[in-house]
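# A closer look at the structure
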Amino acid sequence: MSVAAAELGTTATTSATSSPAFDPKEVTVIFVLGGPGAGKGTQCARLVQHHGFVHLSAGDLLRAEQQREGSQFGAMIKEYITEGKIVPMEVTIKLLENAMRAAMSSEAGEAKEAGANGGVKGIPARRFLIDGFPRQMDQAVKFDETVCPSSLVLFLVCPEPILLERLLERGKTSGRDDDNAESIKKRFQTFVNTSMPVVDYYRKQAKVVDIDSSKSIEEVYADIEKGIAPVLRA
Ligand code: C5P
Ligand code: MG
């Protein structure tokens, strides 16, 4: 077990020999990928409203950990995020696993009242949207092995000039350390060089549904509904 995992309150699930922590027959995981500004968070919020998913954004979890008082990773996370680099996977996977476990052990209805997901009261959360993860091949392999293999990958495709425009607009109010021209450039590079191989990897497994996310929020959402229908029926 790594120091990072120990600090984040690990269980035994990340040891080399274990099977995934969650059974994909009982838990549905959809990865939501796409460049920065592609609309991952926006579309996930809609899916939560309509289908009772639990939405876990890797970036949001990292930002929360960065701000958590006493976190030994705060400074490191801030540096990675500002540089548009991928935070070492032990930290991100453990944050995700902890959040999944917390959602599974609370009743979805209670979580809904707390604004965390759109579940049905009394039914344990079992559908997860994992947003902005995996962003690097090692994260993909490790998560599939130790947490839960995904059922589907929604890939939001959008040309870079549109992404840039959206991020600069968001940067006026987001307060994020990385919604500025310099960080955005680095995030685009990381996306192309480091994150696209993950999409290609899942494409070979026939798990990827491509969504044109340059369109309006409503149009994109309608395409997503069609794309996820087979998984929701399962
Ligand atoms: O998804 P989001 O744009 O919120 O991610 C912000 C930053 O968080 C990324 O640019 C990266 O530095 C970090 N991150 C990461 N690993 C992930 C997701 C996000 O290192 N899987
Ligand atoms: Mg986001």
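Residues numbered from 1 in each chain as written. Chains lettered and ligands numbered in written order. Predicted model: local features only at pLDDT ≥ 70, side-chain atom pairs only at ≥ 80, totals over all residues. Heavy atoms only, no water.

Now for the side chain of Ser195. For Ser195, the position within the fold is in helix α9 (residues 181–204). With a relative accessible area of 5%, Ser195 lands in the buried category. Once residues lying within four places of it in the same chain are set aside, the contact partners of Ser195 are Arg135 and Thr190. (Helix = DSSP H or I, 4+ residues; strand = E, 2+ residues; numbered from the N terminus. Buried < 20%, exposed > 50% of the residue type's maximum accessible area, 1.4 Å probe, protein only. Contact = heavy atoms within 4.5 Å.)

All right, on to the pattern of salt bridges then. For the structure on display, the rule yields 17 salt bridges. Between Asp178 and Arg176 there is a salt bridge, and its shortest N-O distance comes to 2.9 Å. Of the residues examined, Asp178 reaches a relative accessible area of 5% and is grouped as buried. Here Arg176 falls in the partly exposed class, since its relative accessible area comes to 24%. A salt bridge links Asp210 to Arg203; the shortest N-O distance between them is 2.7 Å. By sharing partners, the salt bridges in this structure join Arg170, Arg176, Asp178, Asp179 and Arg187 into a single network. (Salt bridge = Lys/Arg side-chain N within 4 Å of Asp/Glu carboxyl O.)

On to the site of ligand 1. Not every one of the 16 residues close to ligand 1 is listed here, only the nearest: Arg63, Lys85, Val87, Gly132 and Arg135. In the model, an oxygen atom of ligand 1 is placed 3.0 Å from a nitrogen or oxygen of the Arg135 side chain. A distance of 3.4 Å is found between a nitrogen atom of ligand 1 and a side-chain nitrogen or oxygen belonging to Gln139. Relative to its free-state accessible area of 450 Å², ligand 1 is covered by the protein chains to the extent of 96%. (Near = heavy atom within 4 Å. Polar contact = N/O pair within 3.5 Å; in protein donor to acceptor, adjacent residues only side chain to side chain. Areas by Shrake-Rupley, 256 points an atom, 1.4 Å probe, with all protein chains shown as cover.)

This paragraph deals with the packing of helix α7 (residues 137–146) against α9. In the contact formed by α7 and α9, the axes pass within 8 Å of each other and the chain directions differ by 45 degrees. As the angle between them shows, α7 and α9 are arranged oblique. Between α7 and α9, the residues in contact are Met137, Ala140, Val141 and Asp144 and Pro197, Val198, Tyr201 and Tyr202, respectively. Among the residues forming the contact of α7 with α9, the class breakdown is seven nonpolar, no polar and one charged. (Axes fitted to C-alpha atoms, helices over the stretch in contact; angles between N-to-C directions. Parallel < 35°, antiparallel > 145°, perpendicular 65-115°, else oblique. Nonpolar A, V, L, I, M, F, W, Y, C, P; charged D, E, K, R; others polar.)

Take the packing of helix α8 (residues 160–174) against α9 next. Running from N to C, α8 and α9 point in directions that differ by 140 degrees, and their axes come no closer than 11 Å. Compared by their axis directions, α8 and α9 come out oblique. For α8 against α9, the interelement crossing comes out right-handed. For the pair α8 and α9, contact is made by Glu160, Leu163, Leu164, Leu167, Leu168 and Arg170 and by Ala181, Ile184, Arg187, Phe188 and Val192, respectively. Considered class by class, the residues forming the contact of α8 with α9 number eight nonpolar, no polar and three charged. (Left-handed = near helix turned anticlockwise from the far one by under 90°.)

Moving on, we get to the environment of Tyr202. Looking at the element boundaries, Tyr202 is found in helix α9. Distance from Tyr202 to Val153, taken between C-alpha atoms, is 7.4 Å for residues 49 residues apart in sequence. If near-sequence neighbours (up to four positions away) are discounted, Tyr202 is found in contact with Phe31, Pro134, Ala140, Asp144, Ser150, Val153, Lys207 and Val208.

With that settled, the discussion passes to the sheet that holds strand β5 (residues 208–212). Strand order in this open sheet of five strands is β2-β3-β1-β4-β5, and the pairing throughout is parallel. Since the sheet does not close on itself, it has two edges, and those belong to β2 (54–57) and β5, each with one partner. Across the sheet, the mean angle separating the axes of adjacent strands is 20 degrees when strand polarity is ignored. Across five bridges, the pairing between strand β4 (residues 152–157) and β5 is parallel. Counted as the bridge partner of Leu156 is Ile211 from β5. Relative to β2, helix α3 (residues 58–67) is tilted by about 65 degrees, and along the sheet it contacts β2 and β3 (127–131). (Pairing = 2+ DSSP bridges.)

Further remarks concern the UniProt feature "binding site: ATP" (unreviewed entry) in the protein. Sequence positions flagged by UniProt for "binding site: ATP" (unreviewed entry) are, in local numbering, Gly37, Ala38, Gly39, Lys40, Gly41, Thr42, Arg170 and Lys215. Looking at where Gly41 falls in the secondary structure, it is placed in helix α2 (residues 40–51). Other than its neighbours up to four places away in sequence, Gly41 contacts His55 and Asp131. Topologically, Arg170 is positioned in helix α8. In contact with Arg170, other than residues within four places in its own chain, are Arg176, Asp179 and Arg187. (UniProt positions renumbered as here; feature names shortened; annotations may be inferred.)

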